There are 2 protein chains.
Amino acid sequence: MCVKLHLVQNSSVDEPALGLRERKKRARREALIDATHRLVAEHGLDAVTVEAICEEAGVSARTFFNYFETKDDAVLGHTPWPLDSAATEEFATGGPTGNLLADLQALVSSFLTDAPIGRQRVARALELAAKEPRLLARHLAWMEQHKGQLSALIERRLGDDAPYSSEIVGSTLLFLTHATFLRWDAAGGAGTADEHVSAVVADLRSILTD
Amino acid sequence: MCVKLHLVQNSSVDEPALGLRERKKRARREALIDATHRLVAEHGLDAVTVEAICEEAGVSARTFFNYFETKDDAVLGHTPWPLDSAATEEFATGGPTGNLLADLQALVSSFLTDAPIGRQRVARALELAAKEPRLLARHLAWMEQHKGQLSALIERRLGDDAPYSSEIVGSTLLFLTHATFLRWDAAGGAGTADEHVSAVVADLRSILTD
DNA sequence: TGCGCCCACTGCAAAGTTGCAGTGTGTGTA
DNA sequence: TACACACACTGCAACTTTGCAGTGGGCGCA
């Protein structure tokens, strides 16, 4: 059993430079997801026990369940969504530009950039989910749940007398996020989330205006 | 910052197979000693701060002082000596063979085999200590302290009406341990502690009988 | 001499991990 | 069917690490 913890330094200047505690928590979550992916890819979901994952990741089984509610969640990397971040707060209160589309794009970008687990992990999770119906189901349920939260967020921004229903805006947000993710991943992670979301919106517009 | 924790499985069958907690504690102690050795070898003892060591090892400075009383102790790898192990208990109560010399050898062997930090680390510690008088002093003080404990151990075994003073037996024990360690290390760690202690005793005997 | 700074080291409370002893469910087997 | 067993998952207490706010000593510098 040999465990490697990658503790990356937060380089940006204005960010508060995550403490050791926070960095270790991230590293452990990622280690668990990665271990799960490795084992599930090799042996299949049902042949892999939580205990095996934990041995691979070098933590106790109890700790596993401090990070994920179920084994399936570890495959999907489901983890509390940062719906309380500065970016969402800004969006809810009408920022950053005041233009709805632009601000939706900014939000999508922040979702993808601040994703609690990296892009590649999400890609692997989706790959595995495609093969295991149970995972897909759980993933969809998870999406559904968050759509509700997104709707609430949008409701806050638009108020009651909005031109659109918050549900349709929420769905759009989710769709944009997914599409942008796919484009970004297809590019091998090149470029910024910002660029990709813009491209997606442009594509979408040209599709719709024809 | 990138940290590798090696969690070795205890393979022997009768041993209780150290739990995860215990293995992590060992791994961390060793990581701290190794980090200290790397940095001190490169920059010198006084140019290395505890904080730097901890960054290298991926733990907080507070944790460092949970493991070592002082910075110097980390270089030397000074750590609670397993003077309460099964082997010492057996020795104290007249085992394992009943023959004093044989049992001393067994004890030396157990010291070296169960050493809380590996052979190579001890070698590096001694190397560094040779260059830093302060370390050497601390090391000697530490030896002195343990000689007392060894004497007490031997006192238990021999009782009051012994043919030898416990001090001289204690010194012999320490000397044998050191000499065996050197021989073992010179052999690059080849062979067992048992074999080396026997060889040392044989050499010693031939020296003395001439 | 006095002042400021760095650094070793400590005490304590909060956060996190681990061990353990469960419960419940599915599955293979007599 | 009944039993055993493996495994997901939970509750809780014990233990460990971490953050933080110190203290005190040494050292450069005005």
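Residues numbered from 1 in each chain as written. Chains lettered and ligands numbered in written order. Predicted model: local features only at pLDDT ≥ 70, side-chain atom pairs only at ≥ 80, totals over all residues. Heavy atoms only, no water.

**A look at the confidence of the model for chain A**
Counted only if it meets this: pLDDT is a residue-level measure of predictor confidence that goes from 0 to 100. Numbering of helices and strands starts at the N terminus; helices are DSSP runs of H or I of at least 4 residues and strands are runs of E of at least 2.
With 93% of its residues at a pLDDT of 70 or more, chain A shows a mean pLDDT of 83. The secondary structure element of chain A with the lowest average pLDDT is strand β1 (residues 2–6) of chain A, at 70, and the one with the highest is helix α3 (residues 61–67) of chain A, at 96.

**Quick word on the protein's contact with DNA strand D**
Rules: We call a residue near a given molecule or strand whenever any one of its heavy atoms falls within 4 Å of it. Under this definition, polar contacts are N or O atom pairs within 3.5 Å; protein pairs additionally need one hydrogen-donor-capable and one acceptor-capable atom, and for neighbouring residues in sequence, both atoms have to be side-chain atoms. Under this grouping Gly is polar, as are all residues other than the nonpolar Ala, Val, Leu, Ile, Met, Phe, Trp, Tyr, Cys and Pro and the charged Asp, Glu, Lys and Arg.
Looking at DNA strand D, there are 20 residues lining it, with Lys24(A), Arg62(A), Lys25(B), Thr63(B) and Tyr67(B) nearest. In DNA strand D, atoms within 4 Å of the protein come 66% from sugar and phosphate. Here a phosphate oxygen of DNA strand D sits 2.9 Å away from a polar atom, N or O, in the main chain of Leu20(A). Within the backbone of Ser60(B), an N or O atom sits 2.9 Å from a phosphate oxygen of DNA strand D. Where the surface near DNA strand D is concerned, the elements lending two or more residues are α1 (20–43) and α3 of chain A together with α1 (20–43) and α3 (61–67) of chain B. No other element matches the four residues that α3(B) contributes to the surface near DNA strand D. Of the residues contributing to the surface near DNA strand D, the split by class is six nonpolar, six polar and eight charged.

**Here we look at the packing of helix α8 (residues 133–158) of chain B against helix α9 (residues 166–186) of chain B**
Residue and element names in this part refer to chain B. Note the following rule: Where helices are involved, their axes are fitted lines through C-alpha atoms of the stretch in contact, as for all axes, and angles between N-to-C directions lie from 0 to 180°. Angle categories: roughly parallel below 35 degrees, roughly antiparallel above 145, roughly perpendicular from 65 to 115, and oblique for all the rest. Crossing handedness follows the turn of the near helix against the far one: under a right angle anticlockwise gives a left-handed crossing, and clockwise gives a right-handed one. By definition, residues are in contact when any of their heavy atoms lie within 4.5 Å.
At their nearest, the axes of α8 and α9 sit 8 Å apart, and the two run at 120° to each other. As summarised for this structure, α8 and α9 are arranged oblique, according to the angle between their axes. Between α8 and α9 lies a crossing of right-handed hand. Every residue of α9 that contacts α8 at Met143, Lys147, Leu150, Ser151, Ile154, Glu155 and Leu158 is listed here: Ser166, Glu167, Val169, Gly170, Ser171, Leu173 and Leu174. Of the residues contributing to the contact of α8 with α9, the split by class is seven nonpolar, four polar and three charged.

**Describing the protein's contact with DNA strand C**
The full set close to DNA strand C counts 20 residues, and Lys25(A), Thr63(A), Tyr67(A), Lys24(B) and Arg62(B) are the nearest of them. For DNA strand C, the backbone makes up 68% of the atoms found within 4 Å of the protein, where backbone means sugar plus phosphate. The contact in question runs from a phosphate oxygen of DNA strand C to an N or O atom on the side chain of Lys25(A), over 2.5 Å. Between DNA strand C and the protein, one listed contact pairs a phosphate oxygen with a side-chain N or O atom of Lys24(B) at 2.5 Å. For the surface near DNA strand C, the secondary-structure elements that each account for two or more residues are α1 and α3 of chain A together with α1 and α3 of chain B.

**A closer look at the environment of Arg28(B)**
All names here are of chain B. Heads up, the rule is: Each residue is placed in one exposure class: buried if its accessible area under a 1.4 Å probe, protein chains only, is under 20% of its type's maximum, exposed if it is over 50%, and partly exposed if it falls in between.
In this structure, Arg28 sits in helix α1. Overall, the relative accessible area of 25% leaves Arg28 in the partly exposed class. As for Arg28 and Gly58, which are separated by 30 residues in sequence, their C-alpha atoms are 9.1 Å apart. The residues contacting Arg28, other than those within four sequence positions of it, are Leu5, Val59 and Tyr67.

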